[in-house]
Amino acid sequence: MTEIPTRQQRSAEPAGPADTPGPAGPVGTSGPAGTPATRRRGLPPWTLLVAGALLGGALGGAYGVEKPPTYTATSYVIAVPTDKSDPASALGFAQAYGRVATQLAVLANAQARAGVPVSTLQRSVQTATSPDAPMVAVSATSPRRGLAADMANAVSRSLTEHANATRASTHVELLQFSRAMKPTAPSSPSPKVTGLVGASAGGLLGGLILLVRPRRDRDLARTASVPNPATAADAHGQL
């Protein structure tokens, strides 16, 4: 006769394949909120470029609006050789006069005509020379258009007087070629230009951040794909 298994015997029988728990998936691939896969979900990386460009453009535009405009006026003096000199000597002395135009000896005589102290002239006046022409350009920058022209004219006149005081020995005469006029447009960059510069800098900063972020994301993905020790032990037991 066939024996009917009792309730205790049925309960003692090993569980079938349907009751065997399956292997757990990799850590971080699924699960409740707060797992690494969920935490890493967010905005795409290129949003850093957009955010950096927008922020930099806004800051650059605000800087261009808040900073007062500056104006630059330029006067020109020319070195002329006398009968005892030649054009080559005049060109050489023009280069020398361009270097001494911003020295204290010249600026001290120009401060009374310009109506500003010597320290202001030292900050605001610059000179430039040409390797092909015996000419010196004297430029002055100021938030006031009239003051910029006055400083340039004062320094160029003082330089002319300083150079002509030694004309008998240098055989070169310095003449005023063109007076500085009041500038009609500012020489400082407009808010549009500063905004573009700020947007470029912000986008560059966002790109530098993106160069660091992908490396960290790959490390997190590699760590999340490793199975936990419990899963590895179950798989070994089944073998």
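Since this is a predicted model, take the numbers as computed values, not measurements.

The rules behind the values
- Residues numbered from 1 in each chain as written.
- Predicted model: local features only at pLDDT ≥ 70, side-chain atom pairs only at ≥ 80, totals over all residues.
- Heavy atoms only, no water.
- Axes fitted to C-alpha atoms, helices over the stretch in contact; angles between N-to-C directions.
- Helix = DSSP H or I, 4+ residues; strand = E, 2+ residues; numbered from the N terminus.
- Parallel < 35°, antiparallel > 145°, perpendicular 65-115°, else oblique.
- Left-handed = near helix turned anticlockwise from the far one by under 90°.
- Contact = heavy atoms within 4.5 Å.
- Nonpolar A, V, L, I, M, F, W, Y, C, P; charged D, E, K, R; others polar.
- Buried < 20%, exposed > 50% of the residue type's maximum accessible area, 1.4 Å probe, protein only.
- Arc of directions from axis to C-beta.

Student: How should I be thinking about the packing of helix α5 (residues 104-114) against helix α7 (residues 145-164) in this particular structure?
Tutor: The geometry of a pair of packed helices is captured by two quantities: the angle between their axes and the separation between those axes. With their axes 8 Å apart at the nearest point, α5 and α7 run at an angle of 135° to one another. Considering the angle they form, α5 stands oblique to α7. Seen along the crossing, α5 lies across α7 with a hand that is right-handed. Contacts between α5 and α7 involve V106, L107, N109, A110, R113 and A114 from the first element and L147, D150, M151, A154, V155, R157, S158, L159, E161 and H162 from the second. For the contact of α5 with α7, the residue count by class is nine nonpolar, three polar and four charged.

Student: Would you mind showing me how to read α5 here?
Tutor: The periodicity of an α-helix, 3.6 residues per turn, causes residues three or four places apart in sequence to face the same way. Three or more residues of α5 are buried, namely V106, L107, A110 and A114. Projected down its long axis, α5 carries its buried residues within an arc of 85°, all on one side. Structural note: α5 exposes L104 and A112 on the side pointing more than 90 degrees away from its buried face. For α5, the secondary structure elements touched by its buried residues are α4 (87-100), α6 (118-124) and α7. Phi turns positive, to about 75°, at G115, one or two residues after α5.

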